[in-house]
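Results of the structural survey
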Amino acid sequence: MAGHSAYEERSLRADGQGAQQGDAVTPDRLQAAMRDHLRGGALEHARAAADLFAPHNGHSSGLSLLVEAALEMGYLQMARLALADDAGKTPPDEVALIRARIAQAQGDLVAARAILVAAIEAAPNHAAARRALAEVMVAMGTAADARSVLAHLGAPPGATAAE
């Protein structure tokens, strides 16, 4: 494969087909391909691999997997670009979690908290946003307040935590 980089030779093409004839497309290969493409700066190919990998992890979209992998690899800018390139393909509640995760990775816990509070106010039963907010509050050192904040978020005005 002259002219192709090593990550392209080891990974999947954007259409999800193995780069080598007869390559088995498994969840492990999809995850490896996503990471290989991120390392090579091929965001479109990384997203394609992530979208194919997502159903194996119970996700409807590969964006959250792609962003988390990029953040784990230290590619904050790549994570931001992936979110910016999403073009509305990912559900808004998942986008809020991703935005908060990126803010958290940047060290902006105040922004992460604000994003999650707004997400919970918009969708009070969004358990993942509540869990993420609790994690952010622990990171902020306000874990003692987490239970009362989480109990009141999304509740009708004047409601008590018992309602």
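Quick summary incoming for the structure in this document. Fair warning: this is a prediction, and the values are worked out from it, not measured in the lab. (Residues numbered from 1 in each chain as written. Predicted model: local features only at pLDDT ≥ 70, side-chain atom pairs only at ≥ 80, totals over all residues. Heavy atoms only, no water.)

What to know about the overall build of the protein
The condition is simple: Here a strand is any run of E in DSSP of at least two residues, a helix any run of H or I of at least four, and the numbering for each starts at the N terminus. Classification of residues uses two cut-offs on accessible area relative to the type maximum, computed with a 1.4 Å probe and protein chains only: under 20% is buried, over 50% is exposed, and between them is partly exposed. Whether two residues are in contact is decided by their heavy atoms, any of which lying within 4.5 Å being enough. Here the Shrake-Rupley method, with its probe set to 1.4 Å, supplies the accessible areas, and only the displayed protein chains count as covering residues.
Along the protein, the regular secondary structure elements total nine helices and zero strands. Tracing the protein from N to C terminus, the helices and strands come up as α-α-α-α-α-α-α-α-α. Buried positions account for 37% of the 163 residues belonging to the protein. Restricting the contact set of the protein to residue pairs at least 6 apart, pairs at least 24 apart contribute 43%. Put simply, the protein shows about 8,800 Å² of open surface, and 53% of that area lies on carbon and sulfur atoms.

Here's the deal with the nonpolar core
Note the following rule: The set of buried Ala, Val, Leu, Ile, Met, Phe, Trp, Tyr and Cys residues whose side-chain atoms join them within 4.5 Å is what this entry labels a nonpolar core.
Among the nonpolar cores identified, the biggest contains 20 residues, and Leu 38, Leu 66, Val 67 and Ile 102 are the most heavily contacted of them. Of all the elements in the fold, those that place two or more residues in this core are helix 2 (27-39), helix 3 (43-53), helix 4 (63-72), helix 5 (76-84) and helix 6 (92-105). Per element, the largest residue contribution to this core is six residues, and it comes from helix 4. Those residues within four positions of Ile 102 in sequence are excluded, and the remaining contacts are Val 67, Leu 71, Leu 76, Ala 79, Arg 80 and Leu 83. If you look at the next biggest cluster of nonpolar residues, it comprises 15 residues, including Ala 119, Ile 120, Ala 146 and Leu 150.

With respect to the packing of helix 8 (residues 127-140) against helix 9 (residues 143-152)
Under the convention used in this document: To obtain an axis, a line is fitted to C-alpha atoms, over the contacting stretch when the element is a helix, and the angle between two such axes runs from 0 to 180 degrees between their N-to-C directions. Note that the term roughly parallel is reserved for angles under 35 degrees, roughly antiparallel for angles over 145, roughly perpendicular for angles of 65 to 115, and oblique for everything else. The handedness criterion is simple: a crossing whose near helix is rotated anticlockwise from the far helix by less than a right angle is left-handed, and one whose near helix is rotated clockwise is right-handed.
As a packed pair, helix 8 and helix 9 sit with axes 8 Å apart at the nearest point and diverge in direction by 155°. By the angle between their directions, the pair helix 8 and helix 9 is classed as roughly antiparallel. Where helix 8 crosses over helix 9, the two elements pack in a sense that is right-handed. The segment helix 8 lies against helix 9, with Arg 130, Leu 133, Ala 134, Met 137 and Val 138 engaging Ala 143, Asp 145, Ala 146, Val 149, Leu 150 and Ala 151.

Section: the side chain of Ser 61
Put simply, the rule is: Here a polar contact means two N or O atoms within 3.5 Å. Within protein one must be a hydrogen donor candidate and the other an acceptor candidate, and residues neighboring in sequence count only if both atoms are side-chain atoms.
If you trace the backbone, Ser 61 turns up in the loop between helix 3 and helix 4. Of the polar contacts made by the side chain of Ser 61, one reaches the side chain of Arg 47; its length is 3.3 Å. Engagement of the side chain of Ser 61 in a polar contact is seen with the side chain of Thr 90, the distance being 3.1 Å. With residues near it in sequence (within four places) discarded, Ser 61 still touches Arg 47, Asp 51, Ala 54, Thr 90 and Glu 94.

Focus: the pattern of salt bridges
Here is the rule we go by: Each salt bridge in this description consists of a side-chain nitrogen of Lys or Arg and a carboxyl oxygen of Asp or Glu lying within 4 Å of one another.
Scanning the entire structure with this criterion turns up five salt bridges. In this structure, Glu 72 and Arg 35 form a salt bridge, with 2.6 Å as the shortest nitrogen-oxygen distance. In this pair, Glu 72 is assigned in helix 4 and Arg 35 in helix 2, connecting sequence segments 37 residues apart. For Glu 72, a relative accessible area of 54% puts it in the exposed group. Among the salt bridges present, the one from Asp 51 reaches Arg 47, with a minimum N-O distance of 2.9 Å. Of this pair, Asp 51 and Arg 47 both sit in helix 3, separated by four residues, roughly a single helical turn. Overlapping salt bridges, with partners in common, bring together Arg 47, Asp 51 and Asp 86 in one network.

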